[in-house]
Amino acid sequence: NDEFLRELQDSLVLFYLGGDRKSGEISKTYTKNNLNPYISIKQIAQEALQAINKNNLDQIGCLLRKSWEEKKSLSSAISSTKIDDIASFVLNNGALAFKLCGAGGAGFGLVLVHPAKKAQLIEKMKDFIHINVNINWTGSQIIFISRENT
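Residues numbered from 1 in each chain as written. Predicted model: local features only at pLDDT ≥ 70, side-chain atom pairs only at ≥ 80, totals over all residues. Heavy atoms only, no water.

A. The packing of aromatic side chains, seen in detail. Inspection of every chain in the model, using the stated rule, returns 2 aromatic pairs. Aromatic side chains tyrosine 16 and phenylalanine 108 sit 5.1 Å apart centroid to centroid with 55° between the ring planes, which places their arrangement in the tilted category. Of this pair, tyrosine 16 sits in strand β1 (residues 12–16) while phenylalanine 108 is found in strand β3 (residues 108–113), placing the two residues 92 residues apart along the sequence. Using a relative accessible area of 33% as the deciding quantity, one classes tyrosine 16 as partly exposed. Judged by centre distance (5.7 Å) and plane angle (80°), the rings of tryptophan 68 and phenylalanine 98 are edge-to-face. Taken as a pair, tryptophan 68 in helix α4 (residues 57–72) and phenylalanine 98 in strand β2 (residues 95–100) lie far apart in primary sequence, 30 residues in all. One exposure class covers both tryptophan 68 and phenylalanine 98, and it is buried. (Phe/Tyr/Trp six-rings, centres within 6.5 Å; stacked < 30°, edge-to-face > 60°. Helix = DSSP H or I, 4+ residues; strand = E, 2+ residues; numbered from the N terminus. Buried < 20%, exposed > 50% of the residue type's maximum accessible area, 1.4 Å probe, protein only.)

B. Broad picture of helix α1 (residues 2–11). All of the buried residues along α1 are Phe4, Leu8, Gln9 and Ser11. Each buried residue of α1 sits inside an arc of 160° when the element is viewed along its axis, so together they form one side. For α1, the exposed residues set more than 90 degrees away from the buried face come down to Asp2 and Glu3. Taken together, the buried residues of α1 touch β1, α3 (36–53), α4, β3 and α6 (115–124). (Arc of directions from axis to C-beta. Contact = heavy atoms within 4.5 Å.)

C. Spotlight on the sheet that holds β1. Pairing in this open sheet of 4 strands is antiparallel, and the strands run β2-β3-β1-β4 from one edge to the other. Edge positions in the sheet fall to β2 and β4 (129–132), since each has one partner strand and no second. Within this sheet the neighbouring strands show an average axis-to-axis angle of 25°, counted without direction. Sheet analysis places β1 next to β3, joined by 5 bridges and oriented antiparallel. Paired with phenylalanine 15 across the bridge in β3 is glycine 109. (Pairing = 2+ DSSP bridges. Axes fitted to C-alpha atoms, helices over the stretch in contact; angles between N-to-C directions.)

D. Geometry of the side chain of serine 11. One can find serine 11 in helix α1. Note on serine 11: relative accessible area 0%, which makes it buried. Once you skip the residues sitting within four places of it in the chain, serine 11 turns out to touch Leu57, Val111, Leu112, Val113, His114 and Pro115.

E. Fine view of the pattern of salt bridges. According to the stated counting rule, one finds 3 salt bridges in the structure shown. A salt bridge links lysine 72 to glutamate 69, with the shortest nitrogen-to-oxygen separation between them at 3.5 Å. Placement of the pair is lysine 72 and glutamate 69 together in helix α4, with a separation of 3 residues, close to one helical turn. A salt bridge links glutamate 123 to lysine 126, with the shortest nitrogen-to-oxygen separation between them at 3.6 Å. Note on glutamate 123: relative accessible area 48%, which makes it partly exposed. Assessed through its relative accessible area of 57%, lysine 126 is described here as exposed. (Salt bridge = Lys/Arg side-chain N within 4 Å of Asp/Glu carboxyl O.)

Structure, rendered in structure tokens:
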């Protein structure tokens, strides 16, 4: 329903964690011998759709955390000590979930946090550029944001 989608949108924030990597190089390191993580990620996505249909933000958070753990199992190049520390920090400061976007290694971390706790978390993460997420039906779009706009 539209009200829940607004709540979900208001619960999402991207943080630019910095770093430089070539996604093609990272994805070449993904495991190819064990299909279980891929199967699990697909199953988690199907469960997440059900959680969205049931308007269950906490369940979406649980599934997003599970998906991140499965993604990390694909390759040691997906995460790093810095990324793991940031994930722990946001989870210990009210976030329901953290997941690095893209192939891994660097870039944007997607955080799910109850709207009532979002501003406080953004303040605690003030060293990182943040971008609020807007849900739309046009697909992803390339944007430019400077530090002055945050």
